[in-house]
Amino acid sequence: MRIQLSVRTFGAWLAGVLLVPFLAGSALAQNSTGSINGLVTDSTGRPVAGADVVARNISTSAERQTTTRSTGAYNLPGLVPAAYDITVRSVGMGAQTQRIQVGIGQSLIVNFRLSSRTVELEAITIAAPPPETRTSEVATNVTEQQIERLPTPSRNFLDLAALAPGITVSEDRINGTGFRTFQGGGQSANAVNVFIDGTSLKNDLTGGGVTGQDASRGNPFPRNAIQEYRVISQNFKAEYQKASSAIVTATTRSGGNTWSGSAFLSYLGQSLVSLDTFQVADKANNPTTFKEPEFSRYLGGASFGGPIIKDKLHFFGSFEVNRQNRSNRVDFQPPAGGAFPSLDTVNLTQYNGNFTSPFRERLFFGKFTYAVNPRSTAELSLSNRHETDVRDFGTSNCNGGNICAFDEAVNFRQNVTIGQARYNIFSGPWFNEAKVDYSRFRRNPSPNETGLPQRVFLNLPNGSAVIGSNRSTQDFIQKRLGFRDDLTYSGFRAGGQHVLKGGASIDFVTYDINKDNDGTPRFLYDSVANGQTFNYDHPFELNYGTGNPVLNKKNTEVGLYLQDDWSPTSRLTLNVGVRWDFETKMFNTDYVTPQNVVDTLTRYNDSLPTPLDLSKYISTGSERKPFYGAIQPRLGFSYALDAENKTTIFGGFGIYYDRSLFDVSVDETLKLTHPSYDIRFLAPGQAPTAGFVQWNDSYLTADRAVLDQLVGTFGTPEAWLISSDVKVPKSKQWNLGVRHLFGSLAVSVTYAGVRGVDQLTLNWANFGLNPNGSCCTSFNLGAHGFSNFIYSSNDAKTWYDALLVQIDRPYRRSSENFGWGAGLSFTYAKRQLEGVDNLGDLFAFPNTINIGKHSSNDEKARIVANFITDVPFLYGVQFSGLITLGGKFRQDVGCPERFCGSGTTGNQFQQGGFTVPGTFPYQTVDLRLRKDFPSLGGTRLGLTLDAFNVLNHNNFGCYNTGNRTDANFGDPGCVVSDARRFVIGAEYDF
């Protein structure tokens, strides 16, 4: 089976996409909308057929209408998340209205019982939104109130994904430099996906799962533009793609029939941050030289929306800025007493001082919504994210544990632009959405100061000193033009009621990559190196990458799905679906292995510690085929044990394919077209020796013309070998649970299991283990033109079994001035890996075969609680909080078995020890107070105070687990979260 995507084929497909809305009708896709269904009966319980059911959006006055079938059943799919007045009318009966809040992705059951009367009376509104009970998904809705009212330090809306059991979110650290991601199901953050208004933010190129989140202090989207979102940690339906663990699907805010807006400003500064345990000790030990880390963060923005044409055309826009300043200290301490005159001439102390590390981010979003006619709407939106971050320098902020001068800083730039147009139309039981989107993601870390060679002076009294330009420039650009169409039909009956839905998508993706790693030459200095005495007179080694760092590729991504939500009875719903995904060039399918690699590999393969199957690892451009087998069945069910749907049993099973990072295929090419070399120099006065170069002062330059001549004679590149049968990562997921409603309190208990397989890893062919299992035996490829042969395999696996408990009572007002809401999630889980050491790590040294099944990030228990309450008797004061308690997790002790032999390692150390309250060694309590002042002309001013880690708990990490006989064994070396800190702010609503 092969797919031929010709211009004619695509033209026919596109014509079909554009014609379907007019032929079929619709509303929005379920991945950004919700639905309401139920039964309409008379006072005796008999079904009422032909009753009119109208849903009116109370913000925009837009209406959706349907009629009940012979069974009294009705269905309103594709509702934009909002509050609706649902009105039911039937001839000879009184009308009845209920006000229902529809959340994203929710499928709500709302039943009506009409009373018989000859005169229709005025409708009665009942403000009693029902909890969702009849979904087979393991999902958590994060509401508009939680987004606006719960304490989050940096306004990253993904932080609240932690409200879902089984989901963990990376820490927001004052001095953190990236990885603001989330993960679930025992897999890495690479396996997640985020959808905003149905558009995927998947990062095809690099890690982190979401564009722009693998190495950023910033936020993926303006929080004041997010209305609400849904975290589906398991068993999501076939309409979602490119994720094998958890997904987040969010909907943005829209303008209504009344102009309104808000503005905010918050501040966190050095004086509002406490010292952690290690800083307190440093201050006590160095009272005269200790200086508190300088830091300030300003978050500000505004949003507004309203009618351009009432009931017809609405606009919403938002803007946010994130300004952060840190002061990184550079403190070089060269040897005293003039021991090394050559080092003295460099004058490293001239680079000392405190330097600002600025971060700047701007986020913009705008949306127009147009009611074309009573049956159709159109929407146009645009978002843009731009950020710069000057970082990775200083005494404690330099990569590799070195001390880096300010001129060694990197400027980490990121830009994400997304535009999309949607058109939907509905007619009776049909609804359809057609969508076109364009996105551009740019990830561009580069030297903040260019043109200097990098110089590293090793083994100085307080660490190695680094001066000169940053080593690498990267410019990754991912451009995507996508077309998608979703069609739903709810009028089919055969053995019960069916809601049929199918869809197709095609994305045309371009990857433009400049990966100039090691493009800045790095010269290493020391007093003694390679058995020779240098006394820092000149470098002993050069590390340098040269050649062509540019790669341009195109990829086409196709997705098809079909699903059926079948209700044989009013109590039972079966969700049956299947999805198929295909990519033309997820991997470098037309790659041809260079002849010098083929010759060396063929000649010495039998001598390698890990001989390779050459039929799989030598490519002529035709062996590596696109993967056609990503067929993903999905099955779920929910069964209500009672007619009121208060108790529901639910479960499901599915297969989910993710994708491999294109960055792997990039390196397969660039490791040879842009190789990095290590060139060793002789000490002064040494006789010429094979493998060494006589130093010349002209080499100390960033001039590529000079250095390219040098590496043309010396140095060996690295070759990466991707297997012709490379597989796409996937997972198998299943769950079984029960939900019960205790009044307005929803409680669920779920078992969730996930098995991740075919995870891509990279191994060393020229390294292996000794016969006793210790490390390592090797083959000297350097003598034959290469430093390493690194080959791919799909041997890594993950296991995840969890008990998930969730208790939720959404915020709602019980009176004019008082309301409250609260929730609690509890996770008890076991996570294991095989074939890799850490989640998200592609490298398995020396290979996957010897990395057995073991626990990883095996935090047994985690509790996350949240609450929002209006304070009684204090009008205008609201109190909210977010509490996280993390349990112990096991860590390996000693040398890994595959390196040092059997009996040298074990999972016997537990973070937090066994002391009370060490049951939860990780603890954060975050609180928020907001005071609203009396309304002035319809406006409202609120002052806010947020306190994070209010108990100032030490959340330790970096434990010493190297040797049980070490006097410091088991002691922590760092904290994994910040100490107590306060954020003050103001919010103005108008």
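Before any of the text, the structure's been laid out above.
Each value, and the rule that gives it
Per chain, residues are indexed from 1 in the order of the written sequence. The predicted nature of this model means local features are confined to residues of pLDDT at least 70 and side-chain atom pairs, given and counted, to a pLDDT of 80 or more, with totals for whole chains, interfaces and linings taken over all residues. With hydrogens and water set aside, each side-chain value is computed from the structure's full complement of heavy atoms. Surface patches are drawn from residues lacking salt bridges whose relative accessible area is over 30%; two like charges belong together within 9 Å, two nonpolar side chains (Val, Leu, Ile, Met, Phe, Trp, Tyr) within 5 Å. Surface exposure here means Shrake-Rupley accessible area, sampled with a 1.4 Å probe, where a residue is shielded only by the protein chains that are shown. Salt-bridge detection follows one rule: a side-chain nitrogen of Lys or Arg within 4 Å of a carboxyl oxygen of Asp or Glu. Put simply, DSSP marks the helices as runs of H or I at least four residues long and the strands as runs of E at least two long, and each gets a number from the N terminus on. In this description, a disulfide is simply a cysteine sulfur pair whose atoms lie within 2.5 Å. A 1.4 Å probe rolled over the protein chains alone gives each residue an accessible area, and that area as a share of the maximum for its type sets the label: buried under 20%, exposed over 50%, partly exposed in between. When DSSP finds two or more bridges between two strands, those strands count as paired. Axis definition: a line fit to C-alpha positions, over the contact stretch in the case of helices; interaxial angles, taken between N-to-C directions, run 0 to 180 degrees. Here a pair means two rings of Phe, Tyr or Trp (six-membered ring of Trp) with centres within 6.5 Å. Their orientation is stacked below 30 degrees between planes, edge-to-face above 60, and tilted elsewhere. Here, a charge over a ring is recorded when the distance from Lys NZ or Arg CZ to the ring centre is within 6 Å and its angle to the ring normal is within 35 degrees. Put simply, a nonpolar core is a bunch of buried Ala, Val, Leu, Ile, Met, Phe, Trp, Tyr and Cys residues held in one set by side-chain atoms that sit within 4.5 Å of each other. Residues adjacent in sequence count toward polar contacts only when both atoms are side-chain atoms; beyond that, a polar contact is any pair of N or O atoms within 3.5 Å, and within protein one must be able to donate a hydrogen and the other to accept it. Working rule for contacts: check all heavy atoms of both residues, and any pair within 4.5 Å makes them a contact.

Focus: a nonpolar patch on the surface
Nonpolar side chains collect at one region of the surface, where Trp259, Phe304, Ile308, Ile309, Phe368, Leu380, Phe933, Leu941, Leu943, Tyr988 and Phe990 lie side by side and expose about 1,000 Å² of accessible area between them. Put simply, the parts of the chain that give the nonpolar patch at least two residues each are strand E17 (295-309) and strand E51 (940-948). With 3 residues, the single largest contributor to the nonpolar patch is E17. Relative to the helices and strands, Leu943 resides in strand E51.

What to know about the state of the cysteines
Applying the stated criterion to the full structure yields 3 disulfides. There is a disulfide in this structure between Cys398 and Cys404, and the S-S distance comes to 1.6 Å. The partner cysteine of Cys958 in its disulfide is Cys974, sulfur to sulfur 2.1 Å. Of note, the bridge from Cys958 to Cys974 carries an S-S torsion of about 80° and is right-handed in sense. Highlighted residues: Cys958 in the loop between strand E52 (956-957) and strand E53 (974-975) and Cys974 in strand E53, separated in sequence by 16 residues. Overall, the relative accessible area of 18% leaves Cys974 in the buried class.

Overview of unusual backbone geometry
Here Phe845 and Pro846 are connected by a cis peptide whose omega angle stands at -10°. Non-glycine residue Asn535 carries a positive phi angle of around 55°. Mapped onto the elements of the fold, Asn535 is located in the loop between strand E30 (532-533) and strand E31 (541-545). Under the relative-accessibility criterion, Asn535 is labelled partly exposed at 33%.

A word on the sheet that holds strand E2 (residues 52-57)
In spatial order, the strands read E3-E2-E5-E6; together these 4 strands make up an open sheet with antiparallel pairing. The sheet is open, and its two borders are formed by strand E3 (63-67) and strand E6 (96-102), each paired with just one other strand. Taken pair by pair, the neighbouring strands of this sheet meet at an average axis angle of 20°, ignoring direction. Pairing analysis gives 6 bridges linking E2 to strand E5 (residues 82-89), with the strands arranged antiparallel. Bridge assignment links Val53 to a residue of E5, and that residue is Val88.

Structural notes on the packing of aromatic side chains
This structure, assessed with the given rule, holds 37 aromatic pairs. An angle of 80° between the planes, with centres 5.2 Å apart, marks the rings of Phe157 and Tyr229 as edge-to-face. With a gap of 72 residues between them, Phe157 in the loop between helix H2 (144-149) and strand E10 (167-169) and Tyr229 in strand E14 (residues 226-234) connect regions that are remote in the sequence. Linked through ring pairs, Trp720, Trp764, Phe767, Phe843 and Phe845 together constitute an aromatic cluster. Over the aromatic face of Phe264 sits the side chain of Arg155, whose NZ or CZ is 3.7 Å from the ring centroid.

Quick word on the nonpolar core
Membership of the largest hydrophobic core comes to 39 residues, with the highest contact counts inside it found for Phe332, Leu348, Phe457, Leu542, Ile679 and Phe681. Elements that contribute at least two residues to this core include exactly helix H4 (341-346), strand E21 (403-404), strand E24 (454-457), strand E25 (465-467), strand E28 (522-525), E31, strand E36 (676-681) and helix H8 (704-711). With 33 residues, the next largest nonpolar core counts Ile167, Val194, Ala225 and Val248 among its residues.

A short note on the side chain of Lys202
Checked against the element boundaries, Lys202 lands in the loop between strand E13 (199-200) and E14. The class of Lys202 is buried, set by a relative accessible area of 2%. Looking at Lys202, its side chain comes within polar contact range of the side chain of Asp658, at 3.0 Å. Setting aside anything within four residues of it in sequence, one finds Lys202 in contact with Asn190, Ala191, Val192, Asn193, Gly209, Thr211, Lys242, Gln478, Arg480, Asp658 and Arg659.

A few points about the sheet that holds E13
Taking strand neighbours across the sheet as the criterion, the 5 strands line up as E9-E14-E15-E12-E13 in an open arrangement whose pairing is mixed. The sheet is open, and its two edges are formed by strand E9 (138-142) and E13, each paired on a single side. Across 6 bridges, the pairing between E14 and strand E15 (residues 247-252) is antiparallel. Bridged to Val231 within E15 is Val248.

Concerning the pairing of strand E20 (residues 376-391)
Summarising the sheet, strand E19 (residues 353-373) and E20 pair through 14 bridges and their orientation is antiparallel. The residue of E20 that forms the bridge with Arg362 is His386. Connecting the antiparallel pair E19 and E20 is a turn made up of 2 residues. Here E20 pairs with strand E22 (residues 410-427) via 14 bridges, running antiparallel. Residue pairing across strands places Ser383 opposite Ile418, the latter belonging to E22.

Quick look at the pattern of salt bridges
Enumeration over the complete set of coordinates arrives at 54 salt bridges. Close ionic contact of Glu433 with Arg422 constitutes a salt bridge, the shortest N to O distance being 3.2 Å. Of the two residues, Glu433 is situated in strand E23 (residues 430-447) and Arg422 in strand E22; the sequence distance between them amounts to 11 residues. Summarising the burial analysis for this pair, Glu433 and Arg422 share the class buried. When salt bridges with common partners are traced through the structure, they connect Asp204, Lys242, Arg480, Asp507, Glu557, Glu583 and Arg659 into a single cluster.

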